[in-house]
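Chain residues, written in single-letter form:
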Amino acid sequence: MKDLTNKELNEINGGGINLGIGVLIGAGITFLIGVIDGFFRPLKCN
């Protein structure tokens, strides 16, 4: 096994989640929670 220098460690890319993907997942979860809440607890429009 080769030990990497600090410079080589700083040049490694990958393994992280993209901000756009995180926002998309959060929006999808929020939408699903809203649909489930509306199905089980329907409210009248004023």
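Owing to the predicted nature of the structure, the values given are computational and were not obtained by experimental measurement.

### Comments concerning the packing of aromatic side chains
Applying the stated criterion across every chain yields a total of 1 aromatic pair. Ring centres of Phe39 and Phe40 lie 5.2 Å apart, and the angle between their planes is 85°; this geometry places the pair in the edge-to-face category. For the residue pair Phe39 and Phe40, the accessibility class agrees, reading exposed in each case.

### Overview of the pattern of salt bridges
For the structure on display, the rule yields 2 salt bridges. Salt-bridge contacts for Glu8 lead to Lys2; the nearest nitrogen and oxygen are separated by 3.5 Å. Across the pair Arg41 and Asp37 runs a salt bridge, and its minimum N-O distance is 3.1 Å. Look at Arg41 and you get partly exposed, because its relative accessible area is 48%.

Rules used in this analysis
- Residues numbered from 1 in each chain as written.
- Predicted model: local features only at pLDDT ≥ 70, side-chain atom pairs only at ≥ 80, totals over all residues.
- Heavy atoms only, no water.
- Phe/Tyr/Trp six-rings, centres within 6.5 Å; stacked < 30°, edge-to-face > 60°.
- Buried < 20%, exposed > 50% of the residue type's maximum accessible area, 1.4 Å probe, protein only.
- Salt bridge = Lys/Arg side-chain N within 4 Å of Asp/Glu carboxyl O.

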